[in-house]
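Take a look at the letters that make up each chain.
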Amino acid sequence: MYELLILAHLLYQPAHGYLIAKIINDMIGPYAKFSNGRLYPLLARLEENGLLVAEEQENEHGNRPYRSYRITDKGRERFRLLMLDTTSNPGEYQKVFQQKMPFLSFLAPSERLYLIDHYLNYCQAHILHLQNEREDLHQHSSGDASYGWSQSLRDDIFEGVDHLIAHWQLEYTWAQHLRERELARTQDATNLPEQTTRS
């Protein structure tokens with residue numbers, strides 16, 4: 001994920017390590033932290049692999065020069081591959097998708113729809129799984145096969161499952177909104193030359 005975030009931010013403009021770390025930490029905070037001990041070895045590896053180029057910049061405060069990083073064409077292609085990857089870290093893909101979402105505009109419209117549709121399916125799979133689990137729990141926690149659970153414990157378990165279902169339904173609704181917005185933008189872009197020609 002950090003590789004993707006570094007490459008994504010460098011698509012906007014070159015940046016030095018301190019700024020890259022600050023932007024990433026602002027995105028992943030408040031409890032996660034991307035330390036310099038992880039950042040600079042990763043920057044060095046990306047540079048070694050030809051994804052970034054480092055340039056010495058003069059320090060206006062008179063201290064030693066600092067390194068500014070710029071993405072290469074190879075880095076742009078790597079960014080695209082990371083964005084389109086939907087198979088790595090499936091258990092954490094909700095977090096991954098939320099990190100990808102601000103950078104969807106760097107992809108082609110068909111690629112954006114592919115990612116959004118994948119996330120819609122991902123959310124729907126969670127909803128269906130939790131609904132099935134809730135039904136199974138209901139059948140096995142009542143009557144003689146009640147696991148010895150108290151009514152209070154049953155209520156707490158079902159409240160937790162219902163909360164998770166509601167959470168994934170909100171994610172699904174958000175992804176539907178992203179899809180509708182993307183389709184509208186694509187339609188606007190398709191109609192733009194026609195409108196320009198008529199006027």
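Residues numbered from 1 in each chain as written. Predicted model: local features only at pLDDT ≥ 70, side-chain atom pairs only at ≥ 80, totals over all residues. Heavy atoms only, no water.

Some remarks on the packing of aromatic side chains
According to the stated counting rule, one finds twelve aromatic pairs in the structure shown. Relative to Tyr119, the ring of Tyr93 has its centre 6.4 Å away and its plane inclined at 50°; by these criteria the two rings are tilted. Taken as a pair, Tyr93 in helix α5 (residues 93–100) and Tyr119 in helix α6 (residues 109–140) lie far apart in primary sequence, 26 residues in all. Take Tyr93 and Tyr119: they sit in the same class, and that class is buried. For the pair Tyr119 and Trp174, a centre-to-centre distance of 6.3 Å together with 80° between the ring planes defines the contact as edge-to-face. With Tyr119 in helix α6 and Trp174 in helix α7 (residues 151–198), this residue pair connects regions lying 55 residues apart in the sequence. Assessed through its relative accessible area of 0%, Tyr119 is described here as buried. The exposure class assigned to Trp174 is partly exposed, which follows from its relative accessible area of 25%. A connected cluster of aromatic rings, assembled from ring pairs, spans Tyr93, Phe97, Tyr119, Tyr122, Trp168 and Trp174. (Phe/Tyr/Trp six-rings, centres within 6.5 Å; stacked < 30°, edge-to-face > 60°. Helix = DSSP H or I, 4+ residues; strand = E, 2+ residues; numbered from the N terminus. Buried < 20%, exposed > 50% of the residue type's maximum accessible area, 1.4 Å probe, protein only.)

Section: unusual backbone geometry
Glycine aside, the phi torsion of most residues is negative, and most peptide linkages are trans. Unusually for a residue other than glycine, Asn89 sits at a positive phi of about 50°. Mapped onto the secondary structure, Asn89 falls in the loop between α4 (73–84) and α5.

Limitation: the analysis is restricted to geometry and does not speak to function.
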